[in-house]
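Results of the structural survey
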Amino acid sequence: MTYSLWDDFEIESTETGEVGRLGWTSANVGDGGGSVAALTPTVSTWADCGLVKLSTAGTTGNGIVLHKGTGTSCPFYGPPPNGSNLTVKMGLDGTLTQVNVWSGLSSAGATIPDTALENTVHFIGVVARATSASVNWFGLCRAGQTETSIDLGVAADTKLRTLGWRKTKTGVQFQVNRANVGDEITTNIPAATQALAPAIGIGPASGSARKLVVDFYGLYASIKRFG
């Protein structure tokens, strides 16, 4: 049978404090101060339904994240089964520099998988970590304070891009538009005992607000049913 976790953000949850079809929790990164809002599609701006914008506060490190659990409340333990696929479509809105973006499976969605490796977080997903210049999207596997990354070859800009990865027998194969990019990552993949949950986050690396637009997030896994 196939397990599918999918959100196109076309409807809002009726539960207070939750977002989207799956009821994502919106949480602060750092001291927070950000917001999440649905976008109205128009011909001249966002010509699509089901878009949400994550907007940060104007303080370094104070961001916003959507997640489906942290720590012991995470719904998964370890990477999903071989053959599983995770896909997210997103893009920056406005400034492309001095920003951290991360989306995938995380042990602590509100913790930035930083380039300095100071934060302890377990993660499989895509990131954009820009300072004074704009950057490409990268695939990232991180186990605590060690990581392995791969350049996905596409800019982390205002274009909504379909990014993600597929779990293989030997590692994690990252993808752009569902096509494989580069070699598999086989190191720093979170352990089978590590709690993980879906997360989409953004945090400014300078004293001004940053914005991320998300179209959809999906995780598919084939699982065996016993009994």
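Just above sits the structure.
This text gives an overview of the structure that appears in the document. (Residues numbered from 1 in each chain as written. Predicted model: local features only at pLDDT ≥ 70, side-chain atom pairs only at ≥ 80, totals over all residues. Heavy atoms only, no water.)

1. Some remarks on the overall build of the protein
A tally of helices and strands in the protein yields 0 helices and 17 strands. A compact globule built from 227 residues should have a C-alpha radius of gyration of about 17 Å, and the protein, at 16 Å, falls within 12% of that. Counting all 227 residues of the protein, 49% fall into the buried class. Sequence-distant contacts in the protein: of pairs separated by 6 or more residues, those separated by 24 or more amount to 66%. Split by element, the accessible area of the protein, about 9,900 Å² in all, is 49% carbon and sulfur. (Helix = DSSP H or I, 4+ residues; strand = E, 2+ residues; numbered from the N terminus. Rg over C-alpha atoms; globule rule 2.2 N^0.38 Å. Buried < 20%, exposed > 50% of the residue type's maximum accessible area, 1.4 Å probe, protein only. Contact = heavy atoms within 4.5 Å. Areas by Shrake-Rupley, 256 points an atom, 1.4 Å probe, with all protein chains shown as cover.)

2. Let's talk about the packing of aromatic side chains
Considering all chains together, one arrives at 4 aromatic pairs under this definition. Between tryptophan 24 and tyrosine 217, the ring centres sit 5.1 Å apart and the planes meet at 80°, which makes this aromatic pair edge-to-face. Placement of tryptophan 24 in strand E3 (residues 24-29) and of tyrosine 217 in strand E17 (residues 211-222) is noted, with a sequence separation of 193 residues between them. Note on tryptophan 24: relative accessible area 0%, which makes it buried. By relative accessible area, which is 0% here, tyrosine 217 ends up buried. (Phe/Tyr/Trp six-rings, centres within 6.5 Å; stacked < 30°, edge-to-face > 60°.)

3. What about the pairing of strand E8 (residues 85-92)?
Burial analysis of E8 places 6 of its 8 residues in the buried class, which makes it a mostly covered element. Pairing of E8 with strand E13 (residues 161-167), which is carried by 6 bridges, proceeds in the antiparallel orientation. Pairing of valine 88 across the sheet is with leucine 163, part of E13. Here 8 bridges tie E8 to E17, and the two strands are oriented antiparallel to one another. Counted as the bridge partner of threonine 87 is glycine 218 from E17. (Pairing = 2+ DSSP bridges.)

4. Quick look at the environment of glutamate 184
Note on placement: glutamate 184 falls in the loop between strand E15 (179-180) and strand E16 (195-204). Considered as a pair, glutamate 184 and threonine 97 are 87 residues apart in the sequence and their alpha carbons are 28 Å apart. The residues touching glutamate 184, leaving out its near neighbours within four places in the chain, are Thr168, Thr170, Gly171, Val172 and Gln173. At a separation of 3.0 Å, a polar atom in the side chain of glutamate 184 contacts the side chain of threonine 168. (Polar contact = N/O pair within 3.5 Å; in protein donor to acceptor, adjacent residues only side chain to side chain.)

5. Some thoughts on the side chain of histidine 67
By the secondary structure assignment, histidine 67 is in strand E6 (residues 63-67). A distance of 2.9 Å separates the side chain of histidine 67 from the backbone nitrogen of glycine 69, its partner in a polar contact. Excluding its chain neighbours within four sequence positions, the residues that come into contact with histidine 67 are Trp24, Thr25, Ala27, Pro198 and Ala199.

6. Focus on the pattern of salt bridges
Applying the stated criterion across every chain, the model contains 7 salt bridges. Note that aspartate 8 and arginine 21 form a salt bridge whose closest N and O atoms lie 3.4 Å from each other. Of this pair, aspartate 8 sits in the loop between strand E1 (2-7) and strand E2 (18-19) while arginine 21 sits in the loop between E2 and E3, placing them 13 residues apart in sequence. Arginine 21 gets classed as partly exposed once you look at its relative accessible area, which sits at 42%. Each member of the salt-bridge network shares a partner with another, and the members are Asp114, Arg129, Arg142 and Glu147. (Salt bridge = Lys/Arg side-chain N within 4 Å of Asp/Glu carboxyl O.)

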